[in-house]
Amino acid sequence: MTINERIDKFKRKSFSALFNFDPKENFYIFMLSVLFFILLFIFRFIDDNKLVPWSQVFSDNSISFFIILLFSLYLGNIFINIFHETHTRINEKFLFLLIPFLFLFFFDIPELNIDSARYITQAKYVKEFGVVYFLREWGKDIFMWTDMPLIPFIYGIIFKLFGEERVFIQFFNSISFTFSILFTYLLGKSLWNREVGFYGGVLLLSIPYLYTQIPLTLVDISTMSFFLLALYSLLKAIMKGGKWLLFSSFTLLLSILTKYSLIIWFFGLFIALFLYILTQTQEKKLYLKRFFSVLGILLFLITLIIFNKYNELLNQLLLLLHYQKPNLKNWSENYISTFFYQIHPFLFFLFLYSLKSAFKNKELFFIILLLPFILIFLLQIERIRYIIPILPLYVLMAAYGLYRLPIPLKAKNYLITSILIFSFLLAFLCYRPFLKQTNMATLSVASDYVNKLPVDTVKVLIIPSSFTPINLEVLIPILDLYIKNKHIIYEDSYYQKLKTAIKTFVPNESPFRFSWEFTLPIFYKSTFHKHRKMCFLIISDSINKDYVRNNIQKILEEHPEFRNFIHKNRYKIKSFSILDGTFTFQVVIFLIHEV
């Protein structure tokens, strides 16, 4: 066949692809994708996710998204038809290099969780005082709550090497997510074959909720990456031994140092692995020896850490037992929300098919992936943030179900394509604009304005309402992350007088309890910085602007730096507020600067 004949054949195939669902399974996949969206949209009140509930994300008039979804799903079918005429396989290396660029579209999502303040503050200790100080003072001068130190430590190194810019954290999270995709691929390839691994890696992008976490200065995305690395190296250590034994112990330790909840998931995995090894007829003793060698080294390393940080770790464990564990039921999200709204619903049915196939084929190692999810229901863990690290295991089981599904390869590729189209469009066209209009975006908008002012110092003051559920001081580190090349200083005697009184009304089971125990570090004190030209930034949670304005003059009279503003009558008061019904508190920012 000549080159011209090949070109003519390609044109004919491309033209026919515009009008055909071939094979017929593609048409059923297209219709099911549309049907599922319609059903989820109608019953969107079921979704009680705390961050992006469909009942708030979607208004009654969401026809534009529906039209875009229909058109994109149809284009996906055309792409698959053309692709199968011109390629024999997908190059996963190229795909994994391309994936991080998807996350750039979400970098403008603002910080949404006040937990970020803790990680930002801990990271700044590394930048300001160095690694040795951080390791020595973690849990002492450095406020830690129930955090583990590894991810804030990495953030601090990033601040120190590249500068205190949020975008560098976002790039790190993007790379971490990409490595999670890679490790999911490697796990699937090790347990089954390349095809299952590829499906698993790509399908990890079918969780729209995860797109919203990549831009945030939290630890969940990186924790998932460390968890998968540890699991992969543990399986390698058991199967191959040698240097993998020490490397596996080290990665397990690093994983545990990212988040306490991983202890639960590793406990389930260790039990599953032990039971699986016991079923082996060959190499059982060798596998058990390697398994307990890894655990022995790990326990030795953990003992060294406990010996050095015993009091700090004990206080954290008591806090987890007496505060966090009893209150989990108050912070819950139902399983339908998690597995149908925040994860593409097709995965649930592929997961069920994988259970059937694994049982039929007597694949006992399937319990390694399944047991952590059994623990979710046994322990009644109903918050998606807490199960993020093990979501790749759920995706891998769904990938195995897809591999076993008796449909043509082209239909499988279209199924993956439709899942990815649905998930990305939901995250980009719905979640992203919704989150950019939530109240926490007020901090970002106000900071953008401050960055344009010709000042070198921003003095922060606080005017709370009669009862505020959070200690508003916790917002200062988040503002500091947004504000560039300016010093943040805070000494507010007015708020300190009210803070103790307000705190007495905050219940111990409050989800914002940590904010009242949070202590701002020394680098926000005015004596820590030399400043020349400044502006005043006032944080309030009162939506009554008159209440705040009536208190501004009284508070500012206590600050001699402001008297020049008053006498010369050359100042401007600008307010920032994006009010919504998503969060239980509302932030209002007032900015006072010379004109």
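Draft legend 1. A look at the overall build of the protein. Along the protein, the regular secondary structure elements total 28 helices and five strands. A compact globule built from 595 residues should have a C-alpha radius of gyration of about 25 Å, and the protein, at 27 Å, falls within 12% of that. Residues counted as buried form 58% of the 595 residues belonging to the protein. Partitioning the contacts of the protein with sequence separation of at least 6, the portion at a separation of at least 24 is 81%. As presented, the protein carries roughly 26500 Å² of accessible surface, and 64% of it is formed by carbon and sulfur atoms. The centroid of the 60 positive side-chain charges in the protein is displaced by 7 Å from the centroid of its 40 negative side-chain charges.

Draft legend 2. Spotlight on helix H16 (residues 310–327). When the terminal C-alpha atoms of H16 are compared, their 25 Å separation across 18 residues agrees well with the 26 Å that a helix rising 1.5 Å per residue should span. By the largest-angle criterion, Leu 320 marks the main kink of H16, which is about 40 degrees. Taken residue by residue, H16 has Glu 312, Leu 313, Gln 316, Leu 319, Leu 320, Tyr 323, Gln 324 and Asn 327 as its buried positions. Against helix H15 (284–308), helix H20 (384–387) and helix H26 (513–517) lie the buried residues of H16.

Draft legend 3. A look at the side chain of Glu 111. Of note, Glu 111 is situated in the loop between helix H5 (92–98) and helix H6 (116–129). According to the relative accessible area criterion, Glu 111 is buried, its value standing at 1%. Here the side chain of Glu 111 touches Arg 166 through a polar contact of 2.7 Å, side chain to side chain. Those residues in contact with Glu 111 that sit more than four places away from it in its chain are Ser 116, Arg 166, Pro 215, Leu 216, Thr 217, Met 440, Ile 478, Leu 481 and Tyr 482.

Draft legend 4. Spatial organisation of the nonpolar core. Counting residues in hydrophobic clusters, the biggest one holds 196 residues, and the most contacted among them are Phe 177, Leu 475 and Ile 539. Sort the elements by how many residues they give to this core and helix H22 (residues 409–436) lands first, with 15 residues. If we skip the residues at most four places from it in the chain, Leu 475 touches Ile 114, Met 440, Leu 443, Ile 470, Ile 539 and Val 587. Counting residues in each nonpolar core, the second largest holds 14 residues, with Ile 489, Met 534, Val 548 and Ile 592 among its members.

Draft legend 5. Inspection of the side chain of Asp 47 at higher detail. By secondary structure assignment, the location of Asp 47 is in the loop between helix H2 (24–42) and helix H3 (54–57). Buried and without a salt bridge, Asp 47 has Lys 50 as its closest oppositely charged side chain, separated by 8.8 Å. One polar contact links the side chain of Asp 47 to the main-chain amide nitrogen of Trp 54, over a distance of 2.9 Å. Polar side-chain contacts of Asp 47 include one of 3.1 Å to the side chain of Gln 342. Non-local contacts of Asp 47, meaning those with residues more than four positions away in its chain, are made with Val 52, Pro 53, Trp 54, Ser 55, Ser 337, Tyr 341 and Gln 342.

Draft legend 6. Representation of unusual backbone geometry within the structure. Here Trp 145, not a glycine, exhibits a phi torsion of approximately 50 degrees, which is positive. By the secondary structure assignment, Trp 145 is in the loop between helix H7 (131–137) and helix H8 (150–162). A residue is classified by how much of its surface remains accessible, and Trp 145, at 9% relative accessible area, is buried. For Asn 485, which is not a glycine, the phi torsion comes out positive at approximately 60 degrees.

Draft legend 7. View of the packing of aromatic side chains. Summed over the entire model, instances satisfying the criterion amount to 61 aromatic pairs. Linked through ring pairs, Phe 37, Phe 41, Trp 54, Phe 58, Phe 65, Phe 66, Tyr 341 and Phe 422 together constitute an aromatic cluster.

Draft legend 8. Looking closely at the sheet that holds strand S2 (residues 487–490). Read from one edge of the open sheet, five strands run S2-S1-S3-S5-S4, paired in mixed fashion. With one partner strand each, in any of the chains shown, S2 and strand S4 (571–576) form the two edges of the open sheet. Neighbour to neighbour, the strand axes of the sheet diverge by 25 degrees on average, direction disregarded. Two elements, strand S1 (residues 457–463) and S2, share four bridges in a ladder whose sense is parallel. Bridged to Thr 457 within S2 is His 487.

Draft legend 9. Local environment of the packing of helix H14 (residues 262–278) against H15. Packing of H14 against H15 brings their axes to within 9 Å, and their N-to-C directions diverge by 160 degrees. As the angle between them shows, H14 and H15 are arranged roughly antiparallel. Both H14 and H15 take part in a crossing whose hand is left-handed. On H15, the residues touching Phe 270, Leu 273, Phe 274, Ile 277 and Leu 278 of H14 are Lys 284, Tyr 287, Leu 288, Phe 291, Phe 292, Leu 295 and Leu 298. For the contact of H14 with H15, the class distribution of residues is eleven nonpolar, no polar and one charged.

Draft legend 10. Seen up close, the pairing of strand S3 (residues 534–540). When you tally the buried positions in S3, you get seven out of seven residues, the bulk of the element. On S3, burial covers both faces: Met 534, Phe 536, Ile 538 and Ser 540 on one face and Cys 535, Leu 537 and Ile 539 on the other are all buried. Two strands pair when backbone bridges link them, and S1 and S3 are joined in this way by seven bridges, in the parallel orientation. By the bridge assignment for S3, Leu 461 is matched with Ile 538. Strand direction decides the pairing type here: S3 and strand S5 (residues 588–594), joined by five bridges, are antiparallel. Bridge pairing in S5 links Phe 536 to Ile 592.

Draft legend 11. Region of interest: the pattern of salt bridges. Considering all chains together, one arrives at 18 salt bridges under this definition. Arg 385 is the partner of Asp 220 in a salt bridge, and the nearest nitrogen-oxygen pair spans 3.3 Å. Residue Asp 220 is found in helix H12 (residues 220–240), and its partner Arg 385 is found in helix H20; the two are separated by 165 residues along the sequence. As far as the burial class goes, Asp 220 and Arg 385 line up, both buried. Residues Glu 333 and Arg 383 are paired through a salt bridge, measuring 3.3 Å at the closest nitrogen-oxygen approach. Taken together, the residues Glu 333 in the loop between H16 and helix H17 (335–341) and Arg 383 in the loop between helix H19 (366–378) and H20 connect sequence positions 50 residues apart. Taking relative accessible area as the criterion, Glu 333 reaches 1% and is therefore assigned buried. Salt bridges sharing common partners tie together Asp 115, Arg 118, Asp 147, Asp 220, Lys 259 and Arg 385.

Parameters and conventions
Residues numbered from 1 in each chain as written. Predicted model: local features only at pLDDT ≥ 70, side-chain atom pairs only at ≥ 80, totals over all residues. Heavy atoms only, no water. Helix = DSSP H or I, 4+ residues; strand = E, 2+ residues; numbered from the N terminus. Rg over C-alpha atoms; globule rule 2.2 N^0.38 Å. Buried < 20%, exposed > 50% of the residue type's maximum accessible area, 1.4 Å probe, protein only. Contact = heavy atoms within 4.5 Å. Areas by Shrake-Rupley, 256 points an atom, 1.4 Å probe, with all protein chains shown as cover. Lys, Arg positive; Asp, Glu negative; His and termini not counted. Charge placed at Lys NZ, Arg CZ, Asp CG, Glu CD. Expected span 1.5 Å × (residues − 1). Bend = angle between axes of the 7 residues up to and from the residue. Polar contact = N/O pair within 3.5 Å; in protein donor to acceptor, adjacent residues only side chain to side chain. Core = buried A, V, L, I, M, F, W, Y, C linked by side-chain atoms within 4.5 Å. Salt bridge = Lys/Arg side-chain N within 4 Å of Asp/Glu carboxyl O. Phe/Tyr/Trp six-rings, centres within 6.5 Å; stacked < 30°, edge-to-face > 60°. Pairing = 2+ DSSP bridges. Axes fitted to C-alpha atoms, helices over the stretch in contact; angles between N-to-C directions. Parallel < 35°, antiparallel > 145°, perpendicular 65-115°, else oblique. Left-handed = near helix turned anticlockwise from the far one by under 90°. Nonpolar A, V, L, I, M, F, W, Y, C, P; charged D, E, K, R; others polar.

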